[in-house]
Amino acid sequence: MSQSASHENNVRTGLVYGLLAFGMWGVGPVYFKAVASVTPFEVLAHRIIWSVVLLLLFISWRRQWSRLWALMSDPRRLGGLLITALLVAANWLTFINAVSQGEIVAASLGYFIIPLFSVLLGVVFFSERLRLWQMVAILLALCGVANEVVTVGRLPIIALTLAVTFGLYGLVRKKLAVDPLLGLTVETLLLAPLALGYLAWLGYQGSLHFAHDSPLLDLLLALGGVVTTLPLVCFAAAANRLPLTTIGVLHYLAPSITFLLAVSVYNEPFGSHRLITFAFIWLALAVFSGDGWLYQRKRVPVLQGG
């Protein structure tokens, strides 16, 4: 097989993995709706515990115990992963609670905002300079948030919490430069004692759902590990094969699917005020993506020539 054919095959494989990853993230509300009878904190605890089990099995399969131990033996990176563990736990809990409260539209808004918030973090922490159209995109997004504040009378807390926690999570992870799966393994291991302690306390109080309601619910709660880990495995495979611009475009697939589920399947209200909010955000993302695509097009000839 020629080098170009091998590259094309690699890209196609990466695209399949990317579609699987973001597709699974997009339909995530279906799973969390199925376990909505369980309190968000218990769902989060199960998500952590069963993710640990699945991730350790995956580490064994990849024979990465030495790398995992080296990561856990590094005080600086372990401290950083403790911060990211708390951020991802807050993000997961906010999303689980949003789904159970019928606020999936608000959750999708948060994930649409993430790329723009990440750009702002790059400016603040990495001294990155904004291009003109990036500034326009961010201003449009701010107009969307302002519209939500004016028409509803309050900040879109769910959306902003999801955007801020995930954006900061990505920022700290970038500084740590840790393998995605190894990093998630350490994060869930750090959270596991809290999760186990909380489940034990629920059991003592007689309010634990697991093993007390139905075998189907027990199975669904245990599948929280698959729901958490499998998309990340696919994402890691995609990230190794696709350019960042493609990954950036695929990112919008997940909140788009989530939004469509909220409106068409779960019949969440989507009034004119929220349409205006989303219109600003979608326009911002269109400007942001178009600017990124044109910027890369200009860079490629320069890189090839020099």
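Here we summarise the structure given alongside this text.

Parameters and conventions
- Every chain is numbered independently, its residues counted from 1 as its sequence is written.
- Local features in this predicted model are restricted to residues whose pLDDT is 70 or higher, and side-chain atom pairs enter the listing and the counts only when it is 80 or higher, whereas totals over whole chains, interfaces and linings include all residues.
- Processing note: side-chain calculations cover all non-hydrogen atoms of the structure and skip hydrogens and water entirely.
- Helical segments are the DSSP runs of H or I of at least four residues, strand segments are the runs of E of at least two, and each set is numbered from the N terminus.
- Relative accessibility under 20% of the residue-type maximum defines a buried residue, over 50% an exposed one, and the middle range a partly exposed one, all with a 1.4 Å probe and only protein chains included.
- Polar contact criterion, stated in full: a pair of N or O atoms within 3.5 Å, where within protein one must be able to donate a hydrogen and the other to accept it, and residues adjacent in sequence count only if both atoms are side-chain atoms.
- The contact criterion used is simple: two residues touch if any of their non-hydrogen atoms lie within 4.5 Å.
- By nonpolar core we mean a set of buried residues, namely Ala, Val, Leu, Ile, Met, Phe, Trp, Tyr and Cys, connected to one another through side-chain atoms within 4.5 Å.

Our focus in this paragraph is the side chain of T277. Relative to the helices and strands, T277 resides in helix 14 (residues 272-305). The exposure class of T277 is buried, given its relative accessible area of 1%. Within polar-contact distance, the side chain of T277 engages the side chain of N147 at 2.8 Å. Contact partners of T277, with chain neighbours within four places excluded, come to L109, G144, N147 and E148.

Attention now goes to the nonpolar core. Grouped together as the largest cluster of nonpolar side chains are 61 residues, with contacts concentrated most on F32, V35, V43, F95, L116 and I281. Ignoring any residue separated from it by four or fewer positions in sequence, one finds F95 in contact with P29, F32, A107, Y111 and L162. If you look at the next biggest cluster of nonpolar residues, it comprises nine residues, including L71, L176, L182 and V186.

The topology assignment puts L71 in helix 4 (residues 65-72). The class for L71 is buried, based on a relative accessible area of 4%. Excluding anything up to four places from it in sequence, L71 contacts R77, L78, L81, V178, L182, G183 and V186.

Here we take up the side chain of Q134. Turning to its location among the elements, Q134 is positioned in helix 7 (residues 132-152). A residue is classified by how much of its surface remains accessible, and Q134, at 10% relative accessible area, is buried. Polar side-chain contacts of Q134 include one of 2.9 Å to the backbone nitrogen of R131. In this structure, Q134 is in contact with R129, F288 and D291, ignoring residues within four places of it in sequence.

Let us now look at unusual backbone geometry. Positioned with a positive phi, R63 is a non-glycine residue whose angle comes to about 55°. If you trace the backbone, R63 turns up in the loop between helix 3 (40-62) and helix 4. What makes R63 exposed here is its relative accessible area of 76%. With a phi close to 50°, A177 is a non-glycine residue in the positive phi region. For A177, the position within the fold is in the loop between helix 8 (157-176) and helix 9 (180-205).

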